[in-house]
Amino acid sequence: MTLLYSFRRCPYAMRARLALLASGEPFELREIVLRDKPAAMLAASPKGTVPVLVCADGRVIDESLEIMLWALGRNDPERWLAGYDAALVETFDTHFKHHLDRYKYPERHEADPIANRDAGLAMLGQLDARLSDSDHLCGPQRTLSDIAIFPFVRQFAAVDANWFAAQPIARVQEWLARHVASPLFEQTMQRFAPWTPDDPPIVLNAKA
């Protein structure tokens, strides 16, 4: 059985879970506590970050985007891979995430939160313009690009929800709201107790 070590609130883990659930690929979910990482997870991936996927054949994938591509490569019922703009996702994984971290945790990075907030907003303005032609980033339906990016936009919005709601990026706000309200995201955000080796497995996408 494929295993996923995850942490519910981590946006990287969110997008891995979203892709796995959308693929229909059965997997065992192991929710962890970041301050008390299980030895089995660290043995599989010593870098100690989530998500970590341990495939049935023993292969370990510990980068969220690679987990998404692996899951959708096995089964892609909504054709998410057809809407994979690798350059756009890379830009948000690097530049937007850089500004998000310094906006949300300025003391950690000795950064100016307002300058980084404004830089992040400018990038969201580019997304807003892109959404003028369709409901999603790569066409009328959600695809990998939307799913890879929106968990980080959600995190950015939550730093100061009132400020975010007042910004002139109505299409991004609507796009984010649709993803957060989706049944898939609701399923992704189920709460599970932290995993211990004695627990019965929590299998998602289990075959009948």
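Residues numbered from 1 in each chain as written. Predicted model: local features only at pLDDT ≥ 70, side-chain atom pairs only at ≥ 80, totals over all residues. Heavy atoms only, no water.

What follows concerns the nonpolar core. With 51 residues, the main nonpolar core has Leu124, Ile149, Val153, Phe164 and Trp175 as its most contacted residues. Contact partners of phenylalanine 164, with chain neighbours within four places excluded, come to Leu124, Val153, Phe156, Ala157, Ile169, Val172, Gln173 and Leu176. Ranked by size, the runner-up nonpolar core spans eleven residues in total, among them Leu3, Tyr5, Cys10 and Trp195. (Core = buried A, V, L, I, M, F, W, Y, C linked by side-chain atoms within 4.5 Å. Buried < 20%, exposed > 50% of the residue type's maximum accessible area, 1.4 Å probe, protein only. Contact = heavy atoms within 4.5 Å.)

Here the focus is the packing of helix H6 (residues 113-130) against helix H7 (residues 144-159). In a pair of packed helices, the angle between the axes and the distance between the axes together describe the arrangement. Viewed as axis vectors pointing N to C, H6 and H7 meet at an angle of 135°, and their least axial separation amounts to 12 Å. When the axes of H6 and H7 are compared, the pair comes out oblique. Considering the relative orientation of H6 and H7, their crossing is left-handed. Along its contact with H6, which presents Arg117, Gly120, Leu121, Leu124 and Leu127, the element H7 presents Ile149, Val153 and Phe156. For the contact of H6 with H7, a count of residues per class yields six nonpolar, one polar and one charged. (Axes fitted to C-alpha atoms, helices over the stretch in contact; angles between N-to-C directions. Helix = DSSP H or I, 4+ residues; strand = E, 2+ residues; numbered from the N terminus. Parallel < 35°, antiparallel > 145°, perpendicular 65-115°, else oblique. Left-handed = near helix turned anticlockwise from the far one by under 90°. Nonpolar A, V, L, I, M, F, W, Y, C, P; charged D, E, K, R; others polar.)

Reading across from one edge, S4-S3-S1-S2-S5 is the order of the five strands in this open sheet, with mixed pairing throughout. Single-partner strands in this sheet number two, and they are strand S4 (60-61) and strand S5 (202-204). By the bridge criterion, three bridges tie strand S1 (residues 3-6) to strand S3 (residues 52-54) in an arrangement that is antiparallel. Looking at the pairing, leucine 3 lines up with valine 54 of S3. Strands S1, strand S2 (27-31), S3 and S5 of the sheet are contacted by helix H1 (residues 11-23), whose axis makes an angle of about 150° with S1. (Pairing = 2+ DSSP bridges.)

Right, let's get into the environment of alanine 148. Among the structural elements, alanine 148 can be located in helix H7. Its relative accessible area of 0% is what places alanine 148 among the buried residues. Remark: the alpha-carbon pair of alanine 148 and glutamate 28, spanning 120 residues in sequence, is separated by 21 Å. Here alanine 148 is in contact with Arg15, Met68 and Val89, once residues within four sequence places are set aside.

Let's shift gears to the packing of helix H4 (residues 86-104) against H6. In contact at an axis separation of 7 Å, H4 and H6 are set at 150° when each is read in the N-to-C sense. On the basis of the axis angle, H4 is roughly antiparallel to H6. Considering the relative orientation of H4 and H6, their crossing is left-handed. On the side of H4, the interface is formed by Leu88, Thr91, Phe92, His95, Phe96, His98, His99, Arg102 and Tyr103, while H6 contributes Pro113, Asn116, Arg117, Ala119, Gly120, Met123, Leu124, Leu127 and Arg130. Here the contact of H4 with H6 is composed, by residue class, of nine nonpolar, six polar and three charged.

What follows deals with the pairing of S2. Within S2, five of the five residues are buried, which leaves the element mostly enclosed by the surrounding structure. The side-chain alternation of S2 yields two buried faces, one formed by Phe27, Leu29 and Glu31 and the other by Glu28 and Arg30. In this structure, S1 lies alongside S2, joined through four bridges in parallel fashion. Among the inter-strand pairings, tyrosine 5 is bridged to a residue of S2, identified as arginine 30.

None of the figures reported here should be taken as evidence of function without further support.
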